[in-house]
Amino acid sequence: MPVFSYTGLDSKGKEVKGIVDAEQIRAAKAKIKEQGIYLVDIVETQQRERKKGNLSFSLEAFKGGIKDADIVITTRLLSNLLKAHIPIVEALTAIIDQVEKPAFKMVLSQIRDRVNEGSSLSEALSQHPKLFSNIYANMVAAGEQSGALDIVMERLADFMEGQFRLKKKVQGAMVYPIIMFVFAIGVVGVLFTFVIPKIVKLFDDIKATLPLPTKILIWIS
């Protein structure tokens, strides 16, 4: 299904940009109008790519806007739709309609188009290695060959969710040591800046003989 990129104005007159997939440009304009957007410009993505010198809208250009959680949710949705015996192209279309991020919508549209043209899902996913790793694509290929793609997608979602939770725990566990380190640096800084100079002055007043470790500490201060 063709994908169209558009520029328009919302009800407040603010410029908005986005993408929409439709069979024809007329249907795309209708979808945009239903959103309450006044259309200024619309062009099919492939046409815009040719104008830019055949640069492809690959995942690498959009990686920054797509998070791991997006992949997990999409994998889980695809698993549920396949369990309901929905054809993979229709399942991908349903997921694309729910995706809000233009970058991710573009990537999923590319994957769906490749599958619709006869490629396997694993082959389509392998075209975007920055998002879907080799392990991910190989597991999908195994699921396609065994006829248990829905189960494989469910296990992939479980595995990725487990990794996601572990990553959050590690990040949370690192917060406390970092806070304590910063606090310790602050305490040492206060001692060397305010406390030790006063002690040094006291020793000078009484003309006390200081041991070598104390002299070194004063010198550091």
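Residues numbered from 1 in each chain as written. Predicted model: local features only at pLDDT ≥ 70, side-chain atom pairs only at ≥ 80, totals over all residues. Heavy atoms only, no water.

### Points about the overall build of the protein chain
Counting secondary structure elements, the protein chain contains nine helices and three strands. If you list the helices and strands of the protein chain from N to C, you get β-β-α-β-α-α-α-α-α-α-α-α. Rg of the C-alpha trace for the protein chain: 29 Å, well past the compact-globule value of 17 Å for 221 residues, more than 25% over. Referenced to the eigenvectors of the C-alpha coordinate spread, the extents of the protein chain come out at roughly 95 × 50 × 30 Å. Among the 221 residues that make up the protein chain, the fraction classed as buried is 31%. Pairs at least 24 residues apart make up 51% of the contacts formed inside the protein chain by residues separated by at least 6 positions. Only carbon and sulfur atoms are counted for the fraction: they give 60% of the accessible area of the protein chain, which is about 14,500 Å². Positive and negative charge centroids in the protein chain, built from 29 and 24 side chains respectively, lie 9 Å apart. (Helix = DSSP H or I, 4+ residues; strand = E, 2+ residues; numbered from the N terminus. Rg over C-alpha atoms; globule rule 2.2 N^0.38 Å. Buried < 20%, exposed > 50% of the residue type's maximum accessible area, 1.4 Å probe, protein only. Contact = heavy atoms within 4.5 Å. Areas by Shrake-Rupley, 256 points an atom, 1.4 Å probe, with all protein chains shown as cover. Lys, Arg positive; Asp, Glu negative; His and termini not counted. Charge placed at Lys NZ, Arg CZ, Asp CG, Glu CD.)

### Brief notes about the pattern of salt bridges
Counted under the stated rule, the structure contains six salt bridges. We note a salt bridge from R112 to D113, for which the minimum N-O separation is 3.7 Å. The class for R112 is buried, based on a relative accessible area of 2%. Bridged by salt links that share partners, the residues R76, D158 and E161 form one connected network. (Salt bridge = Lys/Arg side-chain N within 4 Å of Asp/Glu carboxyl O.)

### Here's the deal with the sheet that holds strand 1 (residues 3-9)
As summarised here, the arrangement of the three strands in space is 2-1-3, forming an open sheet in which the pairing is antiparallel. Edge positions in the open sheet fall to strand 2 (15-21) and strand 3 (38-44), since each of these has one partner strand only. Ignoring which end each strand starts from, the neighbouring axes of this sheet average 25° apart. Its contacts with the sheet place helix 5 (residues 102-116) against strand 1 and strand 2, and it is angled at close to 20° to strand 2. (Pairing = 2+ DSSP bridges. Axes fitted to C-alpha atoms, helices over the stretch in contact; angles between N-to-C directions.)

### As for the nonpolar core
Membership of the largest hydrophobic core comes to 28 residues, with the highest contact counts inside it found for I71, L78, I111, L121, Y136, V140 and M153. Every element with two or more residues in this core is listed here: helix 3 (68-83), helix 4 (88-98), helix 5, helix 6 (121-125), helix 7 (134-146) and helix 8 (149-206). Broken down by element, this core gets its largest block of residues, six residues, from helix 5. In contact with V140, not counting residues within four places along its chain, are L121, S122, L125, L149, V152, M153 and L156. By size, the runner-up hydrophobic cluster in this structure holds eight residues, among which are A22, I32, I37 and I42. (Core = buried A, V, L, I, M, F, W, Y, C linked by side-chain atoms within 4.5 Å.)

### A few points about the pairing of strand 1
With six of its seven residues buried, strand 1 lies for the most part within the structure. In the sheet, strand 1 pairs with strand 2 via seven bridges, with the strands oriented antiparallel. In the sheet register, G8 faces strand 2, and the bridge partner there is V16. What sits between strand 1 and strand 2 in their antiparallel hairpin is a turn of five residues, with G13 showing a positive phi close to 85°. The sheet contact formed by strand 1 and strand 3 spans six bridges and is antiparallel. Bridged to Y6 within strand 3 is I42.

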